[in-house]
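# An overview of the molecular structure
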Amino acid sequence: ERACIARTVEAITRATGGKRPLGWHTRSASSANTRRLLMEEGGFLYDSDAYNDDLPFLVIDGARRHVVLPYAFDTNDMQFQNTQRFQGATDFAAYVTDAYDWLAQEGRSAPRMLSIGLHLRMIGRPGRIGALDRILAHITASGVAWIAPRAAIARHWLAATSA
């Protein structure tokens, strides 16, 4: 697994012209060693191999601080394929915006994060891409959320938990 992580980092770094990945998400199930190995590898701000929470949390090992940014399956466009739970873009957009509205309400008194899993081969289809447009318009119009990539969220969480 250590060698696989190193090969993956090398391949991504080479493919992106020298930009090393800052986060990790195991495509299937991570092992009991994955997070420790990522921390030992160094250079990773976060992993998203957790499905047990909605909020980021820290893992501390000596001087190393590592953010876990949970991944969500319910607000994930893979539900179009894996379960056919969403019949179309309208279903997905409604579900995600309902989740956002609830979390925005809770966020008035405590931090909240909404993870939306998107895959080009799923959301990028002509009959589905409108859902993403509606979701982003809804969130942006609220004026209370920060739409950010995972690395930015991890940096924010590290800074907020250091204060």
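Parameters at a glance
Residues numbered from 1 in each chain as written. Predicted model: local features only at pLDDT ≥ 70, side-chain atom pairs only at ≥ 80, totals over all residues. Heavy atoms only, no water. Helix = DSSP H or I, 4+ residues; strand = E, 2+ residues; numbered from the N terminus. Buried < 20%, exposed > 50% of the residue type's maximum accessible area, 1.4 Å probe, protein only. Core = buried A, V, L, I, M, F, W, Y, C linked by side-chain atoms within 4.5 Å. Contact = heavy atoms within 4.5 Å. Pairing = 2+ DSSP bridges. Expected span 1.5 Å × (residues − 1). Arc of directions from axis to C-beta.

## Description of the overall build of the protein
Assigned secondary structure in the protein consists of seven helices and four strands. Put simply, the protein runs from its N terminus to its C terminus through helices and strands in the order α-β-α-β-β-β-α-α-α-α-α. Across its three principal axes, the protein shows a C-alpha extent of roughly 45 × 35 × 30 Å. For the protein, the proportion of its 163 residues judged to be buried stands at 34%.

## Some remarks on the nonpolar core
Nonpolar side chains in soluble globular proteins generally cluster together in the buried interior. If you look at the biggest cluster of nonpolar residues, it comprises twelve residues: F80, F86, A89, F92, A93, V96, Y100, I123, A131, L132, I135 and I139. Mapped by element, the contributors of at least two residues to this core are α4 (89–106) and α6 (129–142). Ranked by residue count, the leading element in this core is α4, at five residues. Discounting chain neighbours no more than four positions away, the residues touching F80 are F86, G88, A89, F92 and R128. Y46, A151, I153 and A154 belong to the second largest nonpolar core, which has ten residues in total.

## Points about the sheet that holds strand β1 (residues 23–24)
Read from one edge to the other, the open sheet built from four strands follows the order β1-β2-β4-β3, with strand pairing classed as mixed. One side of each edge strand has no neighbouring strand; the edge strands of this open sheet are β1 and β3 (57–61). Of the strand pairs in this sheet, β3 and strand β4 (residues 64–68) are connected by five bridges, and their pairing is antiparallel. The residue of β4 that forms the bridge with L58 is V67.

## Structural notes on α6
When the terminal C-alpha atoms of α6 are compared, their 21 Å separation across 14 residues agrees well with the 20 Å that a helix rising 1.5 Å per residue should span. Every buried residue of α6 is accounted for by A131, L132, I135 and I139. Along the axis of α6, the buried residues cluster in a sector spanning 100 degrees; they form a single face. Exposed side of α6, more than 90 degrees from the buried face: D133, T140 and A141 are the residues found there. Remark: G143 follows α6 within two positions and exhibits a positive phi of approximately 70 degrees.

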